[in-house]
Amino acid sequence: MISDVMKFRDKEDKLTDVCSSLGVEYIVVGNIMKMGDKFKTSFQLYNKITESFIWSNGWEDDIKNIKSVKADIASKILTE
């Protein structure tokens with residue numbers, strides 16, 4: 001649940017510990033910046049077992065296209 005995840009916002013916990021606390025093997029970390037009518041975002045997929053990032057990608061687009069970018073992000077993460 002998002003409320004469980006938000007407890008870790010702005011904290012310095014190791015990602016392995018965050019995964020253990022949430023009971024998950026993978027976690028997505030990232031950021032988003034709005035720049036006028038555009039946005040820039042990047043995400044990384046972390047694997048608790050290997051203790052490493054196994055995928056990362058970034059996007060930059062017009063804010064009006066954010067729905068299609070969200071779908072693309074979800075699809076790429078699920079593929080990994």
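As the structure is a computational prediction, the values presented were derived from the model and not from experiment. (Residues numbered from 1 in each chain as written. Predicted model: local features only at pLDDT ≥ 70, side-chain atom pairs only at ≥ 80, totals over all residues. Heavy atoms only, no water.)

A separate point is the pairing of strand 3 (residues 52–62). Relative to strand 3, strand 2 (residues 38–47) is paired through 10 bridges, and the arrangement is antiparallel. Bridging from a neighbouring strand, F43 pairs with N57 of strand 3. Adjacent in sequence and paired antiparallel, strand 2 and strand 3 are bridged by 4 residues, among which E51 carries a positive phi angle near 55°. (Pairing = 2+ DSSP bridges. Helix = DSSP H or I, 4+ residues; strand = E, 2+ residues; numbered from the N terminus.)

The side chains of a regular strand alternate between both faces of the sheet. Pairing of strand 1 (residues 26–35) with strand 2 involves 10 bridges; the strand directions are antiparallel. Directly across from Y26, in strand 2, lies its bridge partner N47. The hairpin formed by strand 1 and strand 2 contains 2 residues between the paired strands, and G36 there has a positive phi angle of roughly 65°.

Here the focus is the nonpolar core. Core analysis: the biggest nonpolar cluster contains 7 residues, these being F39, L45, W55, W59, V69, I73 and I77. Within the residue set of this core, elements represented by two or more residues are strand 2, strand 3 and helix 3 (66–79). Among the elements that make up this core, the one with the highest residue count is helix 3 (3 residues). Apart from the residues lying within four places of it in its own chain, the contact partners of F39 are I32, M33, K34, W59, E60, D61, D62, I63, I66 and V69. (Core = buried A, V, L, I, M, F, W, Y, C linked by side-chain atoms within 4.5 Å. Buried < 20%, exposed > 50% of the residue type's maximum accessible area, 1.4 Å probe, protein only. Contact = heavy atoms within 4.5 Å.)

Take the environment of E80 next. Tracing the backbone shows E80 in the segment after helix 3. According to the relative accessible area criterion, E80 is partly exposed, its value standing at 47%. Taking the C-alpha atoms as reference points, E80 and V69, 11 residues apart in sequence, are found 17 Å from one another. Once you skip the residues sitting within four places of it in the chain, E80 turns out to touch L45, I54 and W55.

The next point concerns the layout of surface pockets. In this structure, the largest pocket encloses a volume near 560 Å³. Listing elements by their share of the lining of the largest pocket, those giving two or more residues are helix 1 (2–6), helix 2 (15–22), strand 1, strand 2 and helix 3. Per element, the largest residue contribution to the lining of the largest pocket is 6 residues, and it comes from strand 1. Grouping the constituent residues of the lining of the largest pocket by class yields 17 nonpolar, 3 polar and 4 charged. (1 Å grid on protein atoms, 1.4 Å probe; cavity = no way out; pocket = protein on both sides within 12 Å on 5 of 7 lines; lining within 4 Å. Points joined across faces, edges and corners; volume = space filled by probe spheres on them. Nonpolar A, V, L, I, M, F, W, Y, C, P; charged D, E, K, R; others polar.)

A word on the packing of aromatic side chains. Counted according to the given criterion, the structure contains 3 aromatic pairs. Ring plane angle 50° and centroid distance 6.2 Å describe the contact between W55 and W59, whose orientation is recorded as tilted. This pair shows no difference in class: W55 is buried, exactly as W59 is. Members of the aromatic cluster, connected to one another through ring pairs, are F43, W55 and W59. (Phe/Tyr/Trp six-rings, centres within 6.5 Å; stacked < 30°, edge-to-face > 60°.)

Keep in mind these values describe shape, not function.
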